[in-house]
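Fold and contact review
Spelled out from the first residue to the last, the chains are:
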Amino acid sequence: MPLSPRVPTEVQATPEQEIAQVASLVEAQQACEWLRAAEPLLRQWQVELARVPAPPFGEAARSLWLAEKFRSLGLDEVRIDEVGNVLGVYPGQTSGYIALSAHIDTVFPPNTPLEIRQEGSKILGPGVSDNGAGVIAMLAIAGALQATAIHPSQPLLFLGNVGEEGEGDLRGMRHIFSQQHWLDSIVCNVILDGAGTDVIVAEALGSRRFEVTVRGPGGHSWSDYGIPNPIVVLARAIEAFSRATIPENPKTSTNIGVIQGGTSVNSIPEQASMRVDIRSTSREEIDRLDRALRLALDQSLNESMDRAMLTSEIMIIGDRPSGDLPADARILQVIRAVDKHLNNHAHIQRASTDANIPLSLDREAVALGGGGRGGGAHTLQEWFDCAGRDLGLRRILLSVLALAGVTE
Ligand SMILES: [Zn+2]
């Protein structure tokens, strides 16, 4: 008996067809045109933004600046939350937000001179690219949507979050996902961090950082000889911890980055401390090395003649969870298809970004650059070149529209 041919009732569009369809919409084309034409305005905003200080744990002035911009761009429900995150909504027809975010903090301490200047297509000064490029890209998308009145099916959450850098330890993004409301309603996350169009961060590098302190009574190197020495205890612990097995796969690393203690050559120190960084693509490895560090310290303390005279403390000063985007994730298919459509070449990268938080919760998230080119991140010589920025902006716009769906 011949087999009857199977006729699909509904032909599923490939991601490529989907992107071509979104890109062909008149409103999408107008939005892309707006992004190109808005470049002088975007530069002006970027200079303005970089002149507003946003040191770690001191982002308040920049939160106010961004909230004002969100309002002037017509976003709904603009507010600053308890930790300083700035939120705004571009409405859609259904529920479930596509979150578009950029961190607003910098690594620069308060009182860093923010001398921002322009040279041709370049903007120079601390924070212009990381994360001036990301924040401006986010504002550009809000501006383009508003100017062309595109109606996405799903609403967009615009988020300028605090605390991404260093000891901020992702506190802004962590705060968002600690709330059941956002946990339930954010469908996927497009995170804008730094410049460029050549990277898709889809893998979250986890890390845990410690400050380890050993304290003793201290004393004179001659007359109190025999009192346990915290530097020696710490040194023994370092030696033991350094012998822990570090696998190549999953890629893992440890580092003792800072060591301090003691006051003079002829004093038994009262304290010694170190800072330890453990990184791995696997949470199990981070947990294992965390235990190894504690064990090494414990053994070293026990080897001291007078253990009772010593105290110790291990403080976690950073904890960024790891996570991976599944290879068949929708967000990845969409961005791949957008890159193909724009003839843009990008590779998958593992990094530590705001995406660590949603990825560790098995949510779809990627981090992308805000277009243009940048360099000298985390230095006073930082720069951003606006030339060709609109490729990056179109890439973000098409991705977000495809993810949210567009009704004609
Ligand atoms: Zn950054």
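Here the structure is a predicted model, which is why all the values come from computation and not from measurement.

1. Topic: unusual backbone geometry
The residue after aspartate 130, namely asparagine 131, is reached through a cis peptide bond having omega 15 degrees. On the secondary structure map, asparagine 131 appears in the loop between β5 (122–124) and α5 (132–148). With omega at 0 degrees, the peptide bond leading from asparagine 249 into proline 250 counts as cis. Relative to the assigned elements, proline 250 resides in the loop between α8 (230–242) and β11 (252–261). With phi around 50 degrees, glutamate 77 is a residue other than glycine that occupies positive phi space. Looking at where glutamate 77 falls in the secondary structure, it is placed in strand β1 (residues 76–80).

2. Topic: the coordination of the zinc ion
Within the protein, His103 (NE2), Asp130 (OD) and Asp193 (OD) serve as the donor atoms for the zinc ion, at 2.0 to 2.2 Å. On the primary sequence, the residues serving as donors to the zinc ion are separated as H-x26-D-x62-D. In this pair, histidine 103 is assigned in strand β3 (residues 97–103) and aspartate 130 in the loop between β5 and α5, connecting sequence segments 27 residues apart. For the pair shown, histidine 103 and aspartate 130 are each scored as buried.

3. Digging into the pairing of β1
Along any regular strand, the residues point their side chains to alternate faces of the sheet. Pairing of β1 with strand β2 (residues 86–90) involves three bridges; the strand directions are antiparallel. Pairing of isoleucine 80 across the sheet is with valine 86, part of β2. The loop that links β1 with its antiparallel partner β2 comprises five residues; one of these, glycine 84, has a positive phi angle of about 110 degrees.

4. Re the side chain of threonine 106
One can find threonine 106 in the loop between β3 and β4 (117–119). A distance of 3.2 Å separates the side chain of threonine 106 from the backbone nitrogen of phenylalanine 108, its partner in a polar contact. The contact partners of threonine 106, leaving out residues within four places of it in the chain, are Ala54, Pro55, Pro56, Arg62 and Glu165.

5. Focus: helix α2 (residues 26–37)
Along its 12 residues, α2 runs 16 Å from first to last C-alpha, staying within 8% of the 16 Å computed at 1.5 Å per residue. Among the residues of α2, those classed as buried are Ala28, Ala31, Cys32 and Leu35. Viewed along the axis of α2, the buried residues span an arc of 100 degrees, placing them on a single side of the element. Among the exposed residues of α2, those oriented more than 90 degrees off its buried face are Val26 and Ala37.

6. Focus on helix α12 (residues 389–404)
Between its first and last C-alpha, α12 extends 23 Å over 16 residues, near the 22 Å set by a 1.5 Å rise per residue. When you tally the buried positions in α12, you get 14 out of 16 residues, the bulk of the element. At the C-terminal side of α12, glycine 405 shows a positive phi close to 75 degrees.

What counts, and at which threshold
Residues numbered from 1 in each chain as written. Predicted model: local features only at pLDDT ≥ 70, side-chain atom pairs only at ≥ 80, totals over all residues. Heavy atoms only, no water. Helix = DSSP H or I, 4+ residues; strand = E, 2+ residues; numbered from the N terminus. Donors = N, O, S within 2.8 Å, 3.2 Å for Na, K, Ca; no water. Buried < 20%, exposed > 50% of the residue type's maximum accessible area, 1.4 Å probe, protein only. Pairing = 2+ DSSP bridges. Polar contact = N/O pair within 3.5 Å; in protein donor to acceptor, adjacent residues only side chain to side chain. Contact = heavy atoms within 4.5 Å. Expected span 1.5 Å × (residues − 1). Arc of directions from axis to C-beta.

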